[in-house]
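Single-letter residue listing:
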Amino acid sequence: MLYLCATPIGNLEDITMRVLRVLKEVDLIAAEDTRQTLKLLNHYEIKTPMTSYHEHNKAQKGKYLLELLQEGKNIALVTDAGTPAISDPGEDLAREAYQAGIGVTSLPGPSAVITAMTLCGFSTRQFTFQGFLPLKNKERQPILEFLQRTTYATVFYEAPHRLEKTLTYFCENLRKDRRIALCKELTKKHESVRIFTLEEAWNEVKENPPRGEYVLVLEGETEENIRQGERAFWEKWTIPEHMDYYLEQDMKKNDAMRQVAKDRNIRKNQVYQALLEEG
């Protein structure tokens, strides 16, 4: 059996009795950073052998771990902090174990995503998780388009050396008065959850260089702001250009006129009149 074991994200007391029992009973613990996990094991006097499993050795080490599992060994997979397989190479090992017919189970516990969402005070009915924002603009673009049009709060992870660039990107492409929570040291003695507008957050980070890993929670857009943004986008086009956009998608003329009117928040006869004036 492969056990995906959630471990503390800060406070060492945040671990379940079940995880502690499994860490003692398995044949091997596969850890993202064995030095980090050793602190946890020493704290609870756990002597189980460890091996490393991380992004840079997952291909070779994954094969080794699968061989052990197929021989009947039980392995616990842990990340440095939180739940394995969330923005973590554990997802690859879990998938490969399933494909090999090996049992997989998850032992729930701490998660930085859930902890940040519960602390930020934003609506939690619906939210999304994006992990680390991609470095390449081509990969960022669909995420940006989503952020501009979603009412859901969105959670990101970010490293301190990239935080200012990420906030700059948000300020350049989103409303500067949109709220964001900067969360760090979660569950630790100096836990901090601070709510800013994007512009305020950028100024704060500019004046006080960040230290430590961050969890960012970007509040969702309001439906009214989304509608205003869409209208502003379409109003950069003339009505004939707007019509051509839909006609090129093989939409019937009457349907296209109706959609143009909806996009621009005007009446259909105004679209008709504009088309007549353009000839």
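Higher on the page you've got the structure.
Residues numbered from 1 in each chain as written. Predicted model: local features only at pLDDT ≥ 70, side-chain atom pairs only at ≥ 80, totals over all residues. Heavy atoms only, no water.

J.: I tried to follow the pattern of salt bridges on my own but got confused; where do I start?
T.: It is possible for side chains of opposite charge to pair when their charged atoms get near one another. This structure, assessed with the given rule, holds 12 salt bridges. Two residues, arginine 175 and aspartate 177, come together in a salt bridge whose shortest N-O distance is 2.4 Å. Across the pair glutamate 219 and arginine 179 runs a salt bridge, and its minimum N-O distance is 2.8 Å. Of this pair, glutamate 219 sits in the loop between strand E10 (214-218) and helix H9 (223-234) while arginine 179 sits in strand E8 (residues 179-184), and the two are 40 residues apart along the sequence. Classification of glutamate 219 by relative accessible area gives partly exposed; the value is 22%. Arginine 179 sits in the partly exposed class, given a relative accessible area of 35%. (Salt bridge = Lys/Arg side-chain N within 4 Å of Asp/Glu carboxyl O. Helix = DSSP H or I, 4+ residues; strand = E, 2+ residues; numbered from the N terminus. Buried < 20%, exposed > 50% of the residue type's maximum accessible area, 1.4 Å probe, protein only.)

J.: Looking at this structure, how should I read the nonpolar core?
T.: One recurring pattern in soluble globular proteins is that nonpolar side chains are buried together. Leu167, Phe170, Ile180, Leu182 and Leu198 are the most contacted members of the largest nonpolar core, which totals 20 residues. Put simply, the parts of the chain that give this core at least two residues each are helix H6 (137-149), helix H7 (160-173), E8, helix H8 (198-207) and E10. Broken down by element, the residue count for this core peaks at five residues, all from H7. Setting aside residues up to four positions removed in sequence, leucine 182 forms contacts with Ser192, Val193, Arg194, Phe196, Ala201, Val205, Tyr214, Val215 and Leu216. (Core = buried A, V, L, I, M, F, W, Y, C linked by side-chain atoms within 4.5 Å. Contact = heavy atoms within 4.5 Å.)

J.: Even after reading the chapter, I still don't get the environment of arginine 211, so can you show me in this structure?
T.: If you trace the backbone, arginine 211 turns up in the loop between H8 and E10. For arginine 211, a relative accessible area of 70% translates into the label exposed. Taking the C-alpha atoms as reference, arginine 211 lies 5.4 Å from proline 160; in sequence the two are 51 residues apart. Discounting chain neighbours no more than four positions away, the residues touching arginine 211 are Pro160 and Lys184.

J.: How do you make sense of a negative patch on the surface when you look at a structure like this?
T.: A surface patch of like charges, here negative, comprises Glu241, Asp244, Glu248, Glu277 and Glu278. Among the elements of the structure, helix H10 (239-247) and helix H12 (268-278) are those that each provide at least two residues to the negative patch. With respect to the element layout, glutamate 278 can be found in helix H12. Relative accessible area serves as the criterion here: at 57%, glutamate 278 is assigned to the exposed category. (Patch = residues over 30% accessible without salt bridge, like charges linked within 9 Å, V, L, I, M, F, W, Y side chains within 5 Å. Areas by Shrake-Rupley, 256 points an atom, 1.4 Å probe, with all protein chains shown as cover. Lys, Arg positive; Asp, Glu negative; His and termini not counted. Charge placed at Lys NZ, Arg CZ, Asp CG, Glu CD.)

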